[in-house]
Amino acid sequence: MLTALDNLLLDDRPRQLAGLRRGALEFWYFGIKQARACLFVFTFMAAVLLMPRTGIAGIPRYDLLLVVALAIQFGMVWSKLETWDELKAVCLFHAVGFALEAFKVSSSIQSWSYPDFAYTKVLGVPLFSGFMYAAIGSYIIQAWRMLDLRVRHHPPYWMAATIAILIYANFFTHHYIGDYRWYLAACALGLYSRTVVIYRPLDRERQMPLLLGFVLIGFFIWLAENIGTFWGVWRYPNQLGAWSLVHLSKWSSWSLLVIMTFTIVASLKHVKARIHIPED
């Protein structure tokens, strides 16, 4: 069934459409393709929302969520929705996310916490949490295929890698030497100011600034974070007494993290082949 849906969505034969009808159908296909690219995200979030806080049959929910995440990931590789090469990138996202989580929940930082007990907690972090970062990478990988993405005027890889590393480092160092996210954002703005992503919602190519894509993805991650904290999967210090909206500043943090995630995806061989880097 999923293969049939993919074949339908990836059918780029020319359509005799114009005006409002074309715009509406392209918007519809774009939305369906985005939803399809979020397969990992949607299935995992469904598990988060449906899993009882007390767990099932005496098994803590964090442990069950880890089993669900592993099952989803295995299923995507087994069904060839992700390649082994892409799985390596997803595992890197998991490792990067876990390291950040372990630092943020440590007793000296306590940026947020996971209040429930779990057998699969390491350094105060349930192992399923790394999959929340991996889900972002999985979405970008799937969107690349579903929307036939190409990137033009991408900065040189060494520059993109440098800003990505600095963005990641700032999540740690801002607790000690100040928060430089806006300086890093300004650098990213300069690097990617000319970069456009070309995509195909239906049968014709469209384009948008890549920076806009980073910001939009960051916004939807911020929405998902509000859902996760509302369900008590993790909590910020100001949410321990009663839930409140995650601070809007987290949107900027997530948008910057998306830049780092995109840089990792851009290192995949089949993705590199569709990225144009100006020689001048």
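Report on the accompanying structure.

Criteria and thresholds
Residues numbered from 1 in each chain as written. Predicted model: local features only at pLDDT ≥ 70, side-chain atom pairs only at ≥ 80, totals over all residues. Heavy atoms only, no water. Phe/Tyr/Trp six-rings, centres within 6.5 Å; stacked < 30°, edge-to-face > 60°. Helix = DSSP H or I, 4+ residues; strand = E, 2+ residues; numbered from the N terminus. Disulfide = S-S within 2.5 Å. Contact = heavy atoms within 4.5 Å. Pairing = 2+ DSSP bridges. Axes fitted to C-alpha atoms, helices over the stretch in contact; angles between N-to-C directions. Parallel < 35°, antiparallel > 145°, perpendicular 65-115°, else oblique. Left-handed = near helix turned anticlockwise from the far one by under 90°. Nonpolar A, V, L, I, M, F, W, Y, C, P; charged D, E, K, R; others polar. Bend = angle between axes of the 7 residues up to and from the residue. Buried < 20%, exposed > 50% of the residue type's maximum accessible area, 1.4 Å probe, protein only.

1. Some points on the packing of aromatic side chains
And step 1. Tallied over the entire structure, the rule returns 23 aromatic pairs.
And step 2. Here Phe40 and Phe44 contribute two aromatic rings whose centre-to-centre distance is 6.2 Å and whose plane-to-plane angle is 35°, an arrangement assigned as tilted. Pair noted here: Phe40 and Phe44 are both in helix H3 (residues 39-50), with a separation of 4 residues, about one helical turn.
And step 3. Chaining the aromatic ring pairs together yields one cluster made of Phe40, Phe44, Tyr62, Tyr114, Phe128, Phe131 and Trp234.

2. Thoughts on the state of the cysteines
And step 1. This structure, assessed with the given rule, holds 0 disulfides.
And step 2. Distance from the sulfur of Cys38, which forms no disulfide, to the nearest cysteine sulfur (Cys91) is 20 Å.

3. Side note on the side chain of Asp63
And step 1. Within the secondary structure, Asp63 sits in helix H4 (residues 61-78).
And step 2. Residues in contact with Asp63, not counting those within four places in the same chain, are Ala118, Tyr119 and Thr120.

4. Examining the pairing of strand E5 (residues 206-209)
And step 1. Bridge analysis of strand E4 (residues 196-199) against E5 gives 4 bridges, and the strand direction is antiparallel. Bridge pairing links Tyr199 to Arg206 in E5.
And step 2. Where E4 folds back on E5, the antiparallel hairpin that results is connected by 6 residues.

5. What to know about the sheet that holds E5
And step 1. The strand order E3-E4-E5 describes an open sheet built from 3 strands, whose pairing is antiparallel. Only two strands of the sheet have a single partner each, and these edge strands are strand E3 (150-152) and E5. The sheet shows a mean angle of 30° between the axes of neighbouring strands, taken without regard to direction.

6. A look at the packing of helix H2 (residues 19-37) against helix H6 (residues 130-146)
In a packed pair of helices, the relevant descriptors are the angle between the two axes and the axis-to-axis distance.
And step 1. Following both chains from N to C, one finds H2 and H6 inclined at 140°, their axes separated by 8 Å at the closest point. Judged by the inter-axis angle, H2 sits oblique to H6. In the packing of H2 onto H6, the handedness of the crossing is right-handed. Contact with H2, carried on its side by Lys33, Gln34, Arg36 and Ala37, involves Ser138, Tyr139, Gln142, Ala143, Arg145 and Met146 of H6 and no other residues of that element.
And step 2. When the residues that make up the contact of H2 with H6 are grouped by side-chain class, the tally is 4 nonpolar, 3 polar and 3 charged.

7. Brief notes about helix H7 (residues 157-177)
And step 1. The sharpest bend along H7 measures roughly 50° and falls at Phe171.
And step 2. Buried within H7 are the following residues: Ala160, Ile163, Ala164, Ile167, Tyr168, Asn170 and Phe171.
And step 3. Residues of H7 that are buried make contact with helix H5 (84-104), helix H8 (181-192) and helix H10 (249-265).
And step 4. Gly178 lies just past H7 and shows a positive phi near 100°.

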